[in-house]
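Here's the letter readout for the chains.
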Amino acid sequence: MGRSVTLVFAAALAAFIAAPALADDIADGEKLYKTKTCMACHGLKGARPIQTYPALAGQNEKYLLTQMQDIKSAKRIASKDPATGHPYTEGMQAVMHLLNDDELKTIAKYLTSLEPGKPKAIDPPPSQDDLAAGLAAFKKLGCVACHGADGKKTNVATYPIIAGLQRDYLVRQMTDMRDGVRVNGQSKLMLGVIKKADDAAIAAIANYISQVDRSAK
Ligand code: HEC
Ligand code: HEC
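Keep in mind that this is a model prediction, so the values were computed, not measured.

About the criteria used
- Residues numbered from 1 in each chain as written.
- Chains lettered and ligands numbered in written order.
- Predicted model: local features only at pLDDT ≥ 70, side-chain atom pairs only at ≥ 80, totals over all residues.
- Heavy atoms only, no water.
- Helix = DSSP H or I, 4+ residues; strand = E, 2+ residues; numbered from the N terminus.
- Buried < 20%, exposed > 50% of the residue type's maximum accessible area, 1.4 Å probe, protein only.
- Lys, Arg positive; Asp, Glu negative; His and termini not counted.
- Salt bridge = Lys/Arg side-chain N within 4 Å of Asp/Glu carboxyl O.
- Polar contact = N/O pair within 3.5 Å; in protein donor to acceptor, adjacent residues only side chain to side chain.
- Contact = heavy atoms within 4.5 Å.
- Axes fitted to C-alpha atoms, helices over the stretch in contact; angles between N-to-C directions.
- Parallel < 35°, antiparallel > 145°, perpendicular 65-115°, else oblique.
- Left-handed = near helix turned anticlockwise from the far one by under 90°.
- Nonpolar A, V, L, I, M, F, W, Y, C, P; charged D, E, K, R; others polar.
- Donors = N, O, S within 2.8 Å, 3.2 Å for Na, K, Ca; no water.
- Tetrahedral: all angles 85-135°; square planar, octahedral: opposite > 155°, others 65-115°.
- Near = heavy atom within 4 Å.
- Domains from an automatic or database assignment.

Undergrad: An account of the side chain of R182 is needed here, citing residue identities and associated values.
TA: Positionally, R182 belongs in the loop between α8 (167–178) and α9 (188–194). Buried within the structure, R182 lacks any salt-bridge partner; its nearest side chain of opposite charge belongs to D70, at an N-O separation of 7.3 Å. Polar contacts involving the side chain of R182 include one to the side chain of Q67, which spans 3.2 Å. There is a polar contact of 3.2 Å between the side chain of R182 and the side chain of N184. Residue contacts for R182: discarding those within four places in its chain leaves Y63, Q67, R76, I77, Y169, Q173, D176, M177 and S187.

What follows is the structure, given as structure tokens:
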């Protein structure tokens, strides 16, 4: 067998082995997600969290991993939940000792593989004018440079996809980042831009972005 034939054969074999390995990781990740309490807060298949919590289905894998690591180590913290008086990150941080780094990587693979859910309806529903104002603010402030034209796709794999996240969760993240409560990871990249957003702009953007649908039609 010539050298190039051997190489082609080796590459084909590697691809053959890689596919089932990913399927195994996804199955293992699903098991961890269901048994390590994640589902209680982030919902079935990572797509049905309550209004103030993040959906995880179809999020960028690298972003998911860094955020889980940062919540575990308390590098990422949040403002206080008025219902409990504790930071929103605290309940999750309390369970993160159940998982080691390899398991977090496995869960990230599982969550990335999932189909994003339909946008959660807002009550009362925003008007067309409200949504247009949100889109205008999103463009004017320059969010599109990192989060894409409608928040569905990022140009860097470590950045989060924000389209279709829960409205109230979006408001909190923008506010926490602007006010210096959330400073983990690459947050400071966003600071210059989000500093220019007042509460009204943040509310308008959250209304708009939360209703952008990236579920399978
Ligand atoms: C007690 C509720 C709770 C549990 C249990 C929980 N989480 Fe969370 N999780 C949250 C909340 C709330 C946030 C957002 C915190 C904030 O407001 O900054 C979060 C944030 C995240 C994020 C970052 C999302 C983003 O868009 O930035 C990831 C990833 C995540 N959780 C994964 C998990 C996994 C995996 C598990 C199980 C090992 C888990 N969570 C368990 C409540 C929980
Ligand atoms: C220079 C790039 C950049 C720009 C411009 C930018 N962002 Fe971000 N954004 C990021 C990065 C990076 C993160 C994740 C930070 C981390 O590593 O924790 C983020 C996080 C977020 C999050 C939290 C997502 C989650 O799942 O928790 C929201 C919401 C968000 N950005 C909205 C916006 C909006 C709205 C604008 C415009 C006002 C904007 N961003 C401008 C880079 C940017």
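Undergrad: A description of the packing of α8 against helix α10 (residues 199–210) should follow, citing residues and the corresponding values.
TA: For the pair α8 and α10, the least separation of the axes is 8 Å and the interaxial angle reads 140°. With respect to each other, α8 and α10 are oriented oblique. Of the two possible hands of crossing, α8 and α10 adopt the one that is right-handed. Between α8 and α10, the contacting residues are R167, L170, V171, M174, T175 and R178 on the first element and D199, I202, I205, A206, N207, I209 and S210 on the second. Among the residues making up the contact of α8 with α10, the classes are represented as 7 nonpolar, 3 polar and 3 charged.

Undergrad: Explain the coordination of the iron atom of ligand 2 residue by residue, including any values.
TA: For the iron atom of ligand 2, the full set of protein donor atoms is H147 (NE2) and M190 (SD), at a range of 2.0 to 2.1 Å. For the iron atom of ligand 2, the 6 donor atoms in the first shell make angles of 85 to 180° at the metal, so the coordination geometry reads as octahedral. Taken together, the residues H147 in helix α7 (residues 144–147) and M190 in helix α9 connect sequence positions 43 residues apart. You can call H147 buried: its relative accessible area is 10%. Residue M190 is classed as partly exposed on the basis of its relative accessible area of 22%.

Undergrad: So, the site of ligand 1: which residues are in play, and what are the values?
TA: The environment of ligand 1 is formed by 24 residues, the closest being C38, C41, H42, Y63 and M92. Between Q173 and ligand 1, the recorded distance is 3.1 Å, taken from a side-chain N or O atom to an oxygen atom. Secondary structure elements with two or more residues in the shell around ligand 1: α2 (38–42), α3 (61–72), α4 (90–93) and α8. It is α3 that provides the largest number of residues to the shell around ligand 1, a total of 5 residues. Across the shell around ligand 1, the residue classes break down as 15 nonpolar, 6 polar and 3 charged. Two domains each put at least three residues into the shell around ligand 1: domain 1 (1–117) and domain 2 (118–217).

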